[in-house]
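As a plain string of letters, each chain reads:
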Amino acid sequence: MAVFKYRQIVDEFIVAIEAGHLAGKLMSVRAFAQQRQLGVSTVIQAYHELERLGWVVAKPKRGYFVISRVNAKPPNYGRQINRVVAGLTLDRAVQYSFNDNDILPLSCTAPSTVIDPELLLNQLHKKALAKRPYKLWMQDPIEGVAEFRQAICQHLLRSQQVFDYEQVLVTNGRQEGLMLALIAAKALQQPIAVESPMSFYFQTMLKQFNADVVEIPMQADYQDELALLSGAYESQSFTTYLVNPNFADPTGRVLSRSEKLQLIEWAEIRNVTLIEYDRGELYFGCERPATIASLVAEQSSCRVICIVDFYDTISPTISLGYLLCVNSFDECQFAKQTVAEEPSIVLQHMLQQMMDSGRYDKHLTALRAQIQQNYSATMTLLRPRLASISATQLYLSQPSGGPCIWFQLPAHLSSQELWHRVIEKKLSIAPGAMFTLDSRYDNYFRITYALPWNDDMENGISLLGQIIAEYVQQ
């Protein structure tokens, strides 16, 4: 996707304003042009575009000023805690959008697709095949190739996350990872607590197991959420809690370090195993958010099983991942030995080479930059079409990473009705009802911006903004 210089300035300023790093008066046009070695006309075009989009205001003889705005606060998701048996049903809306090539699937997430790594993977595959994979298959330990597990630890260490390779268990991707975690935690014989709205990935797996689920509604104040969690535990005891702490699907929420530590303390006191699905690699800023597993103190007895895979970062077609097992390795290893198949030896060596050579970090840097650019481009298309709708009518999340934007419609409107409107235009959204096992969140929905950027994406997002505005203002 070609990006003009003025467009890069606009995106940079919007990100800075949203993050709270830019306020008050902007640098003068000439001073900014001189600082960045740009043409004055380029900077003027950028400032005019920021003014058109409603981010700045021009004051005669004084310059351009950032328009003061209150940062969007995440909503509370109610306080009702339901215990529901997850039956074997699938959301038809989502399946429809996945399987129809004529529909732009803004309902699904596959962030790794924004960059095509085929050439690199082909090179790595040829090198891996030179390692006599058949012989290695006969010697492969159940935990995975030791060199690959060590490479994973070295990669995590770059973000100050310290793990021993004997805490790493290689898996055939995230679905197997969750299955092994649930079996290792002995979670399937009793109720399982899950944050709500819950990851669609969590939900589909729990439905397959016909699990007994307790949904814990997310709260804007995490102290309130822990209080709800405690209340649920006291009324209907459970031993496992599923969380999506970094760029949660679907809300995009990131728990702070202190909130993660509070959750660890809560779980340790009650002997509850935490199962986390980590999407921390998809951050936009300078610091990768830590996994819950990395924050457990050495002397702590808290059990954490962290699910990581390469679906988000390398390719949806690569079935390879790993578990980070804190005080839970033996149980996870036994579960893997009894119910799982061995991960591809070739894939393990490919990813090891990618990590050891530094090409994985380079790939992640490019991937995150492209996803963030997609987000900026998406908001640039949506803002002018939603400008007539007040913030009290339509909430949009402000993601600091990850692949999704979460919307809240006025309480009397339905995202399922909106889905029917957009599907007629060959678009799809993910209605909020997909992310719960009961009837909650009907006025919420989610879209992704992390798909290959092309004319279809631009036209589709522009059209979606128009449809949303018409629906809210009907």
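You'll find the structure just up there.
Everything in this summary refers to the structure shown in the same document.

### Some remarks on the overall build of the chain
So, point 1. A tally of helices and strands in the chain yields 16 helices and 14 strands.
So, point 2. In terms of C-alpha radius of gyration, the chain reaches 23 Å, essentially the compact-globule figure of 23 Å for 474 residues.
So, point 3. A buried classification covers 58% of the 474 residues belonging to the chain.
So, point 4. In the chain, once contacts between residues fewer than 6 apart in sequence are set aside, the share between residues at least 24 apart is 75%.
So, point 5. Accessible surface, the chain as shown: approximately 21,000 Å² in total, 50% of it carbon and sulfur.

### Some points on the pattern of salt bridges
So, point 1. Counting across every chain of the model gives 14 salt bridges.
So, point 2. We note a salt bridge from D278 to R288, for which the minimum N-O separation is 2.5 Å. Residue D278 is found in the loop between strand 8 (273-277) and strand 9 (304-309), and its partner R288 is found in the loop between strand 8 and strand 9; the two are separated by 10 residues along the sequence.
So, point 3. Its relative accessible area of 6% is what places D278 among the buried residues.
So, point 4. Look at R288 and you get buried, because its relative accessible area is 9%.
So, point 5. Between R421 and E417 there is a salt bridge, with its nearest N and O atoms 3.5 Å apart. Of this pair, R421 and E417 both sit in helix 15 (residues 415-423), four residues apart, which is roughly one turn of that helix.
So, point 6. Among the charged side chains, a salt-bridge network with shared partners connects R7, D11 and E49.

### Some thoughts on the side chain of E143
So, point 1. Within the element layout of this structure, E143 appears in the loop between helix 6 (133-139) and helix 7 (146-157).
So, point 2. Within the buried set, E143 has no salt-bridge partner at all; the shortest N-O distance to an opposite charge, 4.4 Å, is to R149.
So, point 3. If we ignore the near neighbours within four places in the chain, the residues touching E143 are R149, V168, L169, V170, F329 and Q333.

### Observations regarding the environment of A181
So, point 1. Structurally, A181 can be placed in helix 8 (residues 174-184).
So, point 2. When its relative accessible area of 0% is taken as the criterion, A181 is described as buried.
So, point 3. For A181 and E331, which are 150 residues apart along the polypeptide, the C-alpha to C-alpha distance reads 8.7 Å.
So, point 4. For A181, the contacting residues outside a window of four places in its chain are I275 and I305.

### Focus: the sheet that holds strand 11 (residues 395-396)
Within a sheet, neighbouring strands are paired by backbone hydrogen bonds and run either parallel or antiparallel to one another.
So, point 1. With antiparallel pairing, four strands are arranged side by side in an open sheet as 11-12-14-13. Looking along the sheet, the strands with just one partner apiece sit at the ends: strand 11 and strand 13 (430-431).
So, point 2. Here strand 11 runs beside strand 12 (residues 404-408); their pairing, made up of two bridges, is antiparallel. Bridge pairing links L396 to F407 in strand 12.

### Topic: helix 16 (residues 455-472)
So, point 1. In this model helix 16 runs 26 Å from its N-terminal to its C-terminal C-alpha over 18 residues, within 8% of the 26 Å that 1.5 Å per residue would give.
So, point 2. Burial in helix 16 covers these residues: M457, G460, I461, S462, L464, G465, I467, I468, A469, Y471 and V472.
So, point 3. Here helix 16 starts with a cap whose side-chain oxygen sits 3.1 Å from the backbone nitrogen of D456, and that cap is N454.

### Here we look at the packing of aromatic side chains
So, point 1. Evaluated as defined, the whole model comprises 19 aromatic pairs.
So, point 2. Here R174 stacks its cationic end above the ring of Y201, 5.0 Å away from the centre of that ring.
So, point 3. The side chain of R174 reaches across the aromatic face of Y311, ending 4.0 Å from its centre.

### Notes on the packing of helix 14 (residues 359-386) against helix 16
So, point 1. Look at helix 14 against helix 16: their axes get within 9 Å of each other, and the N-to-C directions meet at 30°. Compared by their axis directions, helix 14 and helix 16 come out roughly parallel. Relative to helix 16, helix 14 is oriented so that their crossing is right-handed. Between helix 14 and helix 16, the residues in contact are T378, L381, L382, R385 and L386 and E458, I461, S462, G465, Q466, I468 and A469, respectively.
So, point 2. In terms of residue class, the contact of helix 14 with helix 16 is built from six nonpolar, four polar and two charged.

### Let's talk about the environment of T42
So, point 1. Here T42 lies in helix 3 (residues 40-52).
So, point 2. For the pair T42 and V29, spaced 13 residues apart in sequence, the C-alpha to C-alpha distance is 9.3 Å.
So, point 3. Once you skip the residues sitting within four places of it in the chain, T42 turns out to touch K5, Y6 and I9.

### Quick word on the environment of H349
So, point 1. With respect to the secondary-structure elements, H349 resides in helix 13 (residues 345-356).
So, point 2. Here H349 falls in the buried class, since its relative accessible area comes to 8%.
So, point 3. Placed 224 residues apart in sequence, H349 and H125 show a C-alpha to C-alpha distance of 8.4 Å.

### Observations regarding the pairing of strand 6 (residues 212-217)
So, point 1. Within strand 6, five of the six residues are buried, which leaves it mostly tucked inside the rest of the structure.
So, point 2. Bridging between strand 5 (residues 192-196) and strand 6 involves five bridges; their strand directions are parallel. Residue E195 lies in a different strand from strand 6, and its bridge partner there is I216.
So, point 3. Viewed along the sheet, the connection from strand 5 through helix 9 (residues 200-208) into strand 6 turns out right-handed.

### Notes on the state of the cysteines
So, point 1. Applying the stated rule across the entire model yields zero disulfides.
So, point 2. Unpaired in this structure, C153 has its nearest cysteine sulfur neighbour in C325, at a distance of 11 Å.

### Let's talk about the pairing of strand 14 (residues 444-448)
So, point 1. Counting buried positions along strand 14 gives five out of five residues, so the element sits mostly inside the fold.
So, point 2. Burial of strand 14 is two-sided: the residues Y444, R446 and T448 facing one way and the residues F445 and I447 facing the other way are all buried.
So, point 3. Pairing of strand 12 with strand 14, which is carried by five bridges, proceeds in the antiparallel orientation. In the sheet register, Q408 faces strand 14, and the bridge partner there is Y444.
So, point 4. Judged from the two bridges that link them, strand 13 and strand 14 form a sheet pairing that is antiparallel. Its bridge partner being in strand 14, A430 is matched across the sheet by R446.

Conventions and cut-offs
- Residues numbered from 1 in each chain as written.
- Predicted model: local features only at pLDDT ≥ 70, side-chain atom pairs only at ≥ 80, totals over all residues.
- Heavy atoms only, no water.
- Helix = DSSP H or I, 4+ residues; strand = E, 2+ residues; numbered from the N terminus.
- Rg over C-alpha atoms; globule rule 2.2 N^0.38 Å.
- Buried < 20%, exposed > 50% of the residue type's maximum accessible area, 1.4 Å probe, protein only.
- Contact = heavy atoms within 4.5 Å.
- Areas by Shrake-Rupley, 256 points an atom, 1.4 Å probe, with all protein chains shown as cover.
- Salt bridge = Lys/Arg side-chain N within 4 Å of Asp/Glu carboxyl O.
- Lys, Arg positive; Asp, Glu negative; His and termini not counted.
- Pairing = 2+ DSSP bridges.
- Expected span 1.5 Å × (residues − 1).
- Polar contact = N/O pair within 3.5 Å; in protein donor to acceptor, adjacent residues only side chain to side chain.
- Phe/Tyr/Trp six-rings, centres within 6.5 Å; stacked < 30°, edge-to-face > 60°.
- Lys NZ or Arg CZ within 6 Å of the ring centre and 35° of its normal.
- Axes fitted to C-alpha atoms, helices over the stretch in contact; angles between N-to-C directions.
- Parallel < 35°, antiparallel > 145°, perpendicular 65-115°, else oblique.
- Left-handed = near helix turned anticlockwise from the far one by under 90°.
- Nonpolar A, V, L, I, M, F, W, Y, C, P; charged D, E, K, R; others polar.
- Right-handed = clockwise from strand over helix to strand, strands pointing away.
- Disulfide = S-S within 2.5 Å.

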